[in-house]
Amino acid sequence: MSDPYVKLDIINEVGYIEFFHPAHNSLPGDLLAKLAHTITDAGNNNKIRVLVLKSGKDRTFCAGASFKELININDEATGKVFFSGFANVINAMRKCPKFIIGRIQGKTVGGGVGLAASTDYCMATKFAAIKLSELNVGIGPFVVGPAIERKIGLSGMSQIAIDADSFYSAEWAKQKGLFTQVYDSTDDLDEAVKEFAENLCNYNTEAMKEMKTIFWKGTEDWDNLLAERAAISGRLVLSDFTKEKLKGFK
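Because the structure is a prediction, the values reported are computed rather than measured.

Describing helix H5 (residues 145–162)
Then step 1. The terminal C-alpha atoms of H5, which comprises 18 residues, lie only 12 Å apart, well short of the 26 Å expected from a rise of 1.5 Å per residue.
Then step 2. If you look at H5, its biggest bend is around 120 degrees, right at Gly153.
Then step 3. If you check which residues of H5 are buried, you get Gly145, Pro146, Ala147, Ile148, Lys151, Ile152, Gly156, Met157, Ile160 and Ala161.
Then step 4. Tucked into the core, H5 has its buried residues touching helix H3 (76–95), helix H4 (111–118), strand S7 (130–131), helix H6 (170–176) and helix H9 (222–236).

Topic: the environment of Thr186
Then step 1. Mapped onto the fold, Thr186 is located in helix H7 (residues 186–200).
Then step 2. Those residues in contact with Thr186 that lie beyond four places of it in its chain are Arg103, Gln105 and Thr125.

Re the state of the cysteines
Then step 1. One pass over the structure, following the stated rule, counts zero disulfides.
Then step 2. Among the cysteines around Cys96, which has no disulfide bond, Cys201 carries the closest sulfur, lying 13 Å off.
Then step 3. Residue class for Cys96 comes out buried when judged on its relative accessible area of 4%.
Then step 4. For Cys201, a relative accessible area of 6% puts it in the buried group.

Concerning the pattern of salt bridges
Then step 1. Taken as a whole and judged by the stated rule, the model has six salt bridges.
Then step 2. Here Arg94 and Asp223 are joined by a salt bridge, their closest N and O atoms 3.4 Å apart. Taken together, the residues Arg94 in helix H3 and Asp223 in helix H9 connect sequence positions 129 residues apart.
Then step 3. By relative accessible area, which is 10% here, Arg94 ends up buried.
Then step 4. Lys212 is paired through a salt bridge with Asp120; the nearest N and O atoms lie 2.8 Å apart. Here Lys212, found in helix H8 (residues 205–215), pairs with Asp120, found in the loop between H4 and strand S6 (121–125); they are 92 residues apart in sequence, far enough to count as distant. The exposure classification of Lys212 matches that of Asp120, with both residues buried.
Then step 5. Residues participating in the shared-partner salt-bridge network are Arg94, Lys95 and Asp223.

Criteria and cut-off values
The written sequence of each chain sets the order in which its residues are numbered from 1. Per-residue local features are limited, in this predicted model, to residues with pLDDT of at least 70; the limit for side-chain atom pairs, both in listing and counting, is 80 or more; totals at the level of whole chains, interfaces and linings are taken over all residues. Here the side-chain values reflect all heavy atoms present in the structure, with hydrogen atoms and water set aside. The helix and strand labels rest on DSSP assignments: H or I over at least four residues marks a helix, E over at least two residues marks a strand, and numbering proceeds from the N terminus. Here, expected helix span is obtained from the residue count minus one, scaled by 1.5 Å. One fitted axis covers the seven residues ending at a residue, a second covers the seven starting there, and the bend at that residue is the angle between these axes. Three exposure classes are used, based on accessible area relative to the maximum for each residue type with a 1.4 Å probe and protein chains only: buried under 20%, partly exposed in between, and exposed over 50%. The contact rule is simple, with two residues in contact once any of their heavy atoms fall within 4.5 Å. Cysteine sulfur atoms are paired as a disulfide whenever they come within 2.5 Å of each other. Take a side-chain nitrogen of Lys or Arg and a carboxyl oxygen of Asp or Glu: if they are within 4 Å of each other, that pair is a salt bridge.

It is worth stressing that arrangement in space is one thing and function is another; only the former is reported here.
So this is what it looks like as structure tokens:
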């Protein structure tokens, strides 16, 4: 079984940030911290003009946060730190001065949907169904909610957050504005991502930076907002309901 990792490869001025965890690309705290740091560093790297966010292997893009860590939370402070992991990555993506292209090759759940929603241009395969399952364990998509709502609207976000048992198709996500294009295979997706990213490298870096600032206008309070949302999840994860639910995952 492969070891977890976050890595950055630079090819033709495109920075490919790839994360991997053998548990369906679920992300524990240390991997989330590394991912946030890598995004920030790549944003400041003059050798990179455009970024691509992707995950390793073929199937799941990201299964969300690590249930192994979630089960072991026993106090609110630890809970807030745990749920701040995705908040820090989302904020790193928001503040990054370069366009981030999402490459979503397979199913994505919970925090993974938040990552997809935080990219500036997101491309996927037809296998990239999405799901917000947090309500199933007594919490909610509080941290990733603002990023998802920004992309698909309050109505779309509410629908998938309340219907926590269902996967929604990649085509549905495209219709709602989360995905820009949906491809039949990972090979087709990779070819399209490469072509699109390298074409963006021909544009004025300063213009793209200014455009990104405009696109993210109104999110300046997210450092505080997402921290507050993380605290809500950190409190709810200690509830009797959630603790009982989580016993089924041990």
